[in-house]
Amino acid sequence: MTEEDFTARHYGPRASAYVASAVHAQGADLDEVAALLAGRGFGRVLDLGCGGGHVSYRAAPHAGEVVAADVTPPMLDEVAREAARRNLPNITTANAAAEALPFPDADFDAVLSRFSAHHWRDFATGLRQARRVAKPGALAVFIDTTAPAAPVLDTHLQTMELLRDASHVRNYSVAEWAAELSRAGFALRGFTARRLPLDFASWTARTSTALEFRAAIRALQTGAPEAVRAHFAVAADGSFTIDTASFVAEAV
Amino acid sequence: MDNENTSPPLDPRLLEILVCPLTRGPLTYDREHNELISAKAGLAYPIRNGIPIMLVEEARPLAP
């Protein structure tokens, strides 16, 4: 099984949970995306790793056309259905891997990607592909959960993420993001760090985390150093708060 | 997938955009088999539920 297959099989059966998820459907980061697109008259916009399609739904009213691309076909079935339900006929869907995008060079006026890059098997290649399909001067907005700079926090986060979801690859730090964006040919124009509270029950339900892994996450949290518990604001029920960031960049 | 012939057709807007992810060369739409053909790569990409599956490992190698 390839790694794309692995992610696709992992997320396929739970696609509708991502359309319905409040964590994914709402947020100041989505408002920011809509504000960045409004009034710009963009023609073609790519939602890279669209998941439940929430970036596409917000982008569609401000773009000629939105291509929602994801490695998981059942996600795309849900997105196509939801786009029709919301009367957004300018959303089309394509099954694609971030590392090998099926689009020509310099094709998109804006490339958007939210909560996807931590699943890519090759982060640098994915970003280079995003740059390749973006027109020079195109807007790029990358939003993802990020790893804290402190190694102890980073290690605890990646461990919780992997126990919860075997298709997790890696959360990158803000510094790693900035460096890779620059290497890929994006000039960073803006950056906003946010905090996202995650409810343990729904967080593990979305990925159908096995009970023994849920217990392992709870044990990890309980035994974690106080600095770790404080950073992630770990609550009694395992709910915690994760760091996220929006990187607003320009294809150069 | 045994129902590819009865799957909804490809959105014509996508046909204008998509290229082969391997060669980045053009694709032609085979309506009969509901596949996107990359002549350069010798691959046929399936269309399932109207969604083009643009993954090399899912593509059907074409007979030489």
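Structure shown above.
Heads up: these notes are all about the structure in this document.

Rules and cut-offs
- Residues numbered from 1 in each chain as written.
- Chains lettered and ligands numbered in written order.
- Predicted model: local features only at pLDDT ≥ 70, side-chain atom pairs only at ≥ 80, totals over all residues.
- Heavy atoms only, no water.
- Salt bridge = Lys/Arg side-chain N within 4 Å of Asp/Glu carboxyl O.
- Helix = DSSP H or I, 4+ residues; strand = E, 2+ residues; numbered from the N terminus.
- Buried < 20%, exposed > 50% of the residue type's maximum accessible area, 1.4 Å probe, protein only.
- Contact = heavy atoms within 4.5 Å.

Glancing now at the pattern of salt bridges. Two side chains that carry opposite charge are able to pair once their charged atoms sit near each other. Residue and element names in this part refer to chain A. Under the definition given, this model contains 18 salt bridges over all chains. Residue Glu 65 is joined to Arg 44 by a salt bridge in which the shortest nitrogen-to-oxygen separation is 3.3 Å. Of this pair, Glu 65 sits in strand E2 (residues 63–70) while Arg 44 sits in strand E1 (residues 42–48), and the two are 21 residues apart along the sequence. The pair Glu 65 / Arg 44 is uniform in exposure class, with both members buried. Between Asp 154 and Arg 170 there is a salt bridge, and its shortest N-O distance comes to 3.2 Å. Residue Asp 154 is located in helix H8 (residues 151–164), and its partner Arg 170 is located in the loop between H8 and helix H9 (174–184); the two are separated by 16 residues in the primary sequence. Since its relative accessible area comes to 12%, Asp 154 is described here as buried.

All names here are of chain A. You can see Leu 220 is positioned in helix H11 (residues 211–223). Accessibility expressed as a relative area gives 25% for Leu 220, which makes it partly exposed. Considered as a pair, Leu 220 and Met 160 are 60 residues apart in the sequence and their alpha carbons are 7.8 Å apart. Excluding residues that lie within four positions of it along the chain, Leu 220 makes contacts with His 156, Thr 159, Met 160 and Leu 163.

That is the geometry; function is a separate question.
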